[in-house]
Structure formats: structure tokens, C-alpha cells
Amino acid sequence: MGATLLQGLFNVVDTFWVGRGLGPTALAGVSTAGFTVWMMLSMAELSAVGLTAVASRRHGERKPEEAAVAVYRAFLLAVTLSVGLGLLGLFTLTPLFQLMATPADVTVQGSASLAVYLAGAPIVFTYFVMEAAFRSSGDTRTPLILLAVSLGLNTILDPLLIRGIGPFPTMGIQGAALATLVTRAFGCFVGYRWMVQRGLVRRSMPSLRPILQMAWIGLPVAAGGALFSFVYIILTRFTSQFGTGALAALGVGHKVESLSYMVCIGFGLAAATAVGQNLGAGSKERAVLSGRVATGYAVALTGVVGLAFLLIPAQLMSIFTADPDVIAAGTSYLRIVAVAQVFMALEIVLQMAMEGAGYSLIPWIPSSVLTLLRLPLAPLLSRPLGLAGIWWTISGTAVARGLGALWIWRRGRWVDRVV
């Protein structure tokens, strides 16, 4: 959980320096670009989720050599995907921002930030695989150490590259993106060397079938995340009619909420690894208990976060901006999504626990349908309720997704999945 919280803080730190140093237009630009970055991170999960299901099962079966080979294949998959998707994104930058209907000045800022991220896609994808390799072996401390060092370096580099302090060039919004990529590259390089030393990765001849197996396991998760991000891109189009302040509030509110999301991801990753290892060891009862305990912890913590959203939303928003319009719209966002935090914990942790068993397709279906429902609901509710209608759409569908994941988990069919 600590590692995933640090993961989310990369975006939070970037948002802080951009909002405080470059103003609401740049903040809206990095916020709108952030939904595409989120889509890229979701696609990076394809390799990581597939690797977690396969490698944790092999570790549970006491076959570390086979797990190490799976890690190498996951790296090959990640590099191939990242290069293709990065190039595709660079060629479709203009249509993407046209789809979001962002103002011209916001489009310029957002495109500049997003182009840097897309060019560095291989760094992001391989970083996810590296983390999954350590976790699958039961080592969660090493990714935490690497992320902590990387985040510290990112916090230092951000203002230097954004503002051009000392010998550094003034790069503005692109400086924030570059700082993140440089520090992630450092963590990835060090982490890979440690993996080689510990025997967690083993080179082998590329074999298409096991690579496709990992891709198939991870595909529903990646597709669900990409769909989630795409829906937010369309929601940006609806939100833009309420002005630049509303756009910035959507992005900043989403980033603040991402800390709660990362708590859920942390416990979900723990659950996925424990479920995979216990099923590999032949203990279905302990696999069920792992998911239940992880979910309980996540629900408790997200309940505290939801309470903070209700009690001090304006104070949370003011960390990132002094603009009164952004703070007002963001305060409304956080209060409305507060109740959804607990249900987000149910959805994410239970889904990821089932993914650890290789059971990823069925939970994806209701989650995706409910996510798509945001597209007709948002403009429908925004007519009588204004901007709050969009916020209520996000919150209500999140609650429904959590209930859907709980129902699928309780059916119990995931325990019989063979990987």
C-alpha cells in the first residue's frame, strides 16, 4: 500500500508544482492530459497483472526458475506494447484534445505535457513489470524503497525543470513530465540490476504462447482501465462547457481521489499475490481469507478518506491552487464522491484478488457496463443539476461497481480457475 501511495504521489507532486507555479490554464492542461496518461498506465497493467497471476502461482508451486522466465517474457511484452501505444498516441494528439473540446490555451499546455509521457512509455511499462516481479516473489519492500527514492528525486527535479532554476532549462509543463520519467528510469535501472542479482529474471528464448497467456489474463484489466480513462476523456468534453475552472477541478479532484485509489490498489496487489500463491499451494480457504482481509483493511482506510472529503474538501483543494473557481468546483466534487470511496475499495481489491487467480474477464463485464453508463448519465443529470450532475454520475456508478464486484466474489467461481 505504501508503494502504491508513493506511485500516486508522483502525479500529486506534479500537479502541485504546476498549479502553484504556472496557473489554472496549465493546471487544466496537465489535468486533461492526465486522463490519457491514466489510460497508458492502465495498458501497462496488462503485462503486470498477467505476470502477477503466473509468477505468483509458480512461486506458490515452488518453481522459482519458471517464475523468473515468466518475468523476462513479461518484459518483452511490455516493451512491445509500450512502443506501439506510444507511437499511436503521438500521432493522435490533436484529435484527442479535439475530442475533449478543450480551450485552445489548455490544448497547447496539455499536448506539450502528454507528448513527453508518450515518448517515455517504455520506461513506464517496464517499471510496472519490475514491481510485479518483486511482489510476485513476496518482496514488497524493494519496490517501496525504489519508489521512495524516485519520488524524492522527482520532488527536487520538478521545480528545477519547470522554472529553470540554476543550470536547468525552463521547460514549464513539460519539465514536470520529464522529471517523472527521468526518476522512474533511475528506479527501473536499479531495480532490474537487483532482480538479476537475486535470480528473479531469467533470459529465455521468446515463446509466443506463454506471452499470449499473460496478455490474455491482463487484457480485461487493461481494457477496463483504458475504458475508464476514455470515459473520463468524454466527461472532460461535458465538463468543459462549465469553464476552465471546472476542467481543472475535475483533474485535481481526480488526483486527490487517486490517493484513495492507490490505497485500494496496494491492498489489491497484496491480495492478488496472496491469492495466487495460496491457490498454487492448493489452499483455497486461505486464498479466500486473503481477499477478505485485504478488503477489510481497504474499506477501513477509504472510509477515513471519505470522511476527510466531507469535512475538509476546500482545504484539500487549496493545496494545489489558489483559484477560487477551481476550489469551489473541486470542493463540490470531493463531497459528492466521498461516499463512493468505500465502494471503490470493494471493487478494486476484490477484482484484483480474483485477477490473482487468473479470473479477470467476468468481473470486467459489469464494471465496464457501469463505466459506460456515465456517458449518457452525465449530460442527462447536468441539465437540471449543472456541474454537480457530472459529479453525481461519477459517484453513483462507482457505488454500483463496488456492489457488482462483491456479488461476483461471493459466487466463488474464481477459486477453481487454472493458470
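Structure first, text after, so check above.
Since we're looking at a predicted model, the values are computed, not measured. (Residues numbered from 1 in each chain as written. Predicted model: local features only at pLDDT ≥ 70, side-chain atom pairs only at ≥ 80, totals over all residues. Heavy atoms only, no water.)

## Quick look at the overall build of the protein
Working step 1: The number of helices and strands found in the protein is 17 helices and zero strands.
Working step 2: Against the 2.2 N^0.38 benchmark of 22 Å for 419 residues, the protein shows a C-alpha radius of gyration of 20 Å, consistent with a compact globule.
Working step 3: Each principal axis of the C-alpha atoms in the protein carries an extent, and together these give about 55 × 50 × 35 Å.
Working step 4: Burial analysis of the protein (419 residues in total) assigns 58% to the buried set.
Working step 5: Restricting the contact set of the protein to residue pairs at least 6 apart, pairs at least 24 apart contribute 83%.
Working step 6: Measuring between centres, the 28 positive side-chain charges of the protein sit 6 Å from its 16 negative side-chain charges. (Helix = DSSP H or I, 4+ residues; strand = E, 2+ residues; numbered from the N terminus. Rg over C-alpha atoms; globule rule 2.2 N^0.38 Å. Buried < 20%, exposed > 50% of the residue type's maximum accessible area, 1.4 Å probe, protein only. Contact = heavy atoms within 4.5 Å. Lys, Arg positive; Asp, Glu negative; His and termini not counted. Charge placed at Lys NZ, Arg CZ, Asp CG, Glu CD.)

## Regarding empty space enclosed by the protein
Working step 1: Applying the stated rule across the entire model yields three cavities of 30 Å³ or more.
Working step 2: In this structure, the largest cavity occupies an estimated 140 Å³ of space.
Working step 3: When contributions to the lining of the largest cavity are tallied by element, the ones reaching two or more residues are α1 (2-22), α2 (24-60), α5 (104-119) and α10 (244-280).
Working step 4: Per element, the largest residue contribution to the lining of the largest cavity is five residues, and it comes from α2. (1 Å grid on protein atoms, 1.4 Å probe; cavity = no way out; pocket = protein on both sides within 12 Å on 5 of 7 lines; lining within 4 Å. Points joined across faces, edges and corners; volume = space filled by probe spheres on them.)

## With respect to unusual backbone geometry
Working step 1: The backbone of R62 shows a phi angle near 65 degrees, a positive value even though the residue is not glycine.
Working step 2: A relative accessible area of 69% means that R62 is categorised as exposed.

## Notes on the environment of E347
Working step 1: Following the sequence through the fold, E347 ends up in helix α14 (residues 340-356).
Working step 2: Ignoring anything within four residues of it in the chain, the contact list for E347 reads S367, R401, G402 and A405.

## Remarks on the nonpolar core
Working step 1: Judged by nonpolar contacts, the single largest core of 105 residues is most densely connected at L51, M195 and I394.
Working step 2: Considering each element in turn, this core owes the most residues, 19 residues, to α2.
Working step 3: Beyond its immediate chain neighbours, meaning those up to four positions away, I394 contacts Y232, L235, L250, Y333, V337 and R374.
Working step 4: In this structure, F267, A271, A287 and A298 belong to the second largest nonpolar core, which totals 26 residues. (Core = buried A, V, L, I, M, F, W, Y, C linked by side-chain atoms within 4.5 Å.)

## As for α2
Working step 1: The end-to-end C-alpha separation of α2 is 50 Å, in line with the 54 Å expected for 37 residues at 1.5 Å each.
Working step 2: Along its length, α2 reaches its greatest deviation from straightness, about 30 degrees, at L46.
Working step 3: Where burial is concerned, most of α2 is hidden: 34 out of the 37 residues are buried.
Working step 4: Positive phi appears at R62, one or two residues downstream of α2, with a value of about 65 degrees. (Expected span 1.5 Å × (residues − 1). Bend = angle between axes of the 7 residues up to and from the residue.)

## Side note on the layout of surface pockets
Working step 1: Of the pockets and cavities examined, the second largest pocket occupies roughly 280 Å³.
Working step 2: Around the second largest pocket sit 14 residues that line it, and T36, M39, L85, G89 and L118 are the ones nearest its centre.
Working step 3: Listed by contribution, the elements that provide at least two residues to the lining of the second largest pocket are α2, α3 (64-91), α4 (93-100) and α9 (208-239).
Working step 4: Of the residues contributing to the lining of the second largest pocket, the split by class is ten nonpolar, four polar and no charged. (Nonpolar A, V, L, I, M, F, W, Y, C, P; charged D, E, K, R; others polar.)

## Examining helix α8 (residues 173-198)
Residues spaced three or four apart along an α-helix point in a common direction, a consequence of the helix completing one turn every 3.6 residues.
Working step 1: Its 26 residues give α8 an end-to-end C-alpha distance of 39 Å, which sits within 8% of 38 Å, the value for a rise of 1.5 Å per residue.
Working step 2: Taken from the residues just after α8, G199 is the one with a positive phi, measuring 75 degrees.

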